[in-house]
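# Report on the structure
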Amino acid sequence: MLAEHVSSPPSGVPAGPGQPPYVVTLYPAGGGLQPATELSVLGGGTTARVTGASIDGEYDKPALQQILLGLLA
């Protein structure tokens, strides 16, 4: 569900220049406010540009799902 949400542009904002990315931040349990991982996801509807956490590339939804599952595992 998260991959589906972040792979699309925010509602009311057209895809393209000026579109803000989603920022997916993972905080470890009991770790306070220091994030363990942070990703920037700029979705275009069918693919998403993902940067952060040693990741930098364009991914389709199934690949984005695998990235997010890996972070949460």
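Up top you'll find the structure we're talking about.
Turning our attention to the pairing of strand S4 (residues 55–60). Summarising the sheet, strand S3 (residues 47–52) and S4 pair through six bridges and their orientation is antiparallel. Counted as the bridge partner of glycine 52 is isoleucine 55 from S4. Connecting S3 to the antiparallel partner S4 that follows it, the hairpin turn spans two residues, and alanine 53 within it adopts a positive phi of roughly 50°.

Here the focus is the nonpolar core. Counting residues in hydrophobic clusters, the biggest one holds twelve residues: Ala3, Val6, Tyr22, Val24, Leu39, Val41, Ala48, Val50, Ile55, Leu64, Ile67 and Leu68. Per element, the largest residue contribution to this core is three residues, and it comes from helix H2 (residues 61–72). Not counting the four nearest positions on each side in its chain, alanine 3 is found in contact with Lys61, Leu64, Gln65 and Leu68.

The next point concerns the side chain of threonine 37. Along the chain, threonine 37 falls in strand S2 (residues 37–43). Those residues within four positions of threonine 37 in sequence are excluded, and the remaining contacts are Val24, Thr25, Leu26, Ala53 and Leu71.

So, on to the sheet that holds S4. Remark on secondary structure: sheet strands pair via backbone hydrogen bonds, oriented parallel or antiparallel. Read across the sheet, four strands follow the order S1-S2-S3-S4 without closing on themselves; strand pairing throughout is antiparallel. Each edge of the open sheet is held by one strand with a lone partner, namely strand S1 (22–26) and S4. Each adjacent strand pair in this sheet contributes to an overall mean axis angle of 20°, direction not counted. With four bridges joining them, S2 and S3 adopt antiparallel strand pairing. By the bridge assignment for S3, leucine 42 is matched with arginine 49. Packing of H2 onto the sheet brings it into contact with S1, S2, S3 and S4, and relative to S4 it is tilted by some 135°.

About the cut-offs
Residues numbered from 1 in each chain as written. Predicted model: local features only at pLDDT ≥ 70, side-chain atom pairs only at ≥ 80, totals over all residues. Heavy atoms only, no water. Pairing = 2+ DSSP bridges. Helix = DSSP H or I, 4+ residues; strand = E, 2+ residues; numbered from the N terminus. Core = buried A, V, L, I, M, F, W, Y, C linked by side-chain atoms within 4.5 Å. Buried < 20%, exposed > 50% of the residue type's maximum accessible area, 1.4 Å probe, protein only. Contact = heavy atoms within 4.5 Å. Axes fitted to C-alpha atoms, helices over the stretch in contact; angles between N-to-C directions.

Taken by themselves, the reported measurements are silent on function.
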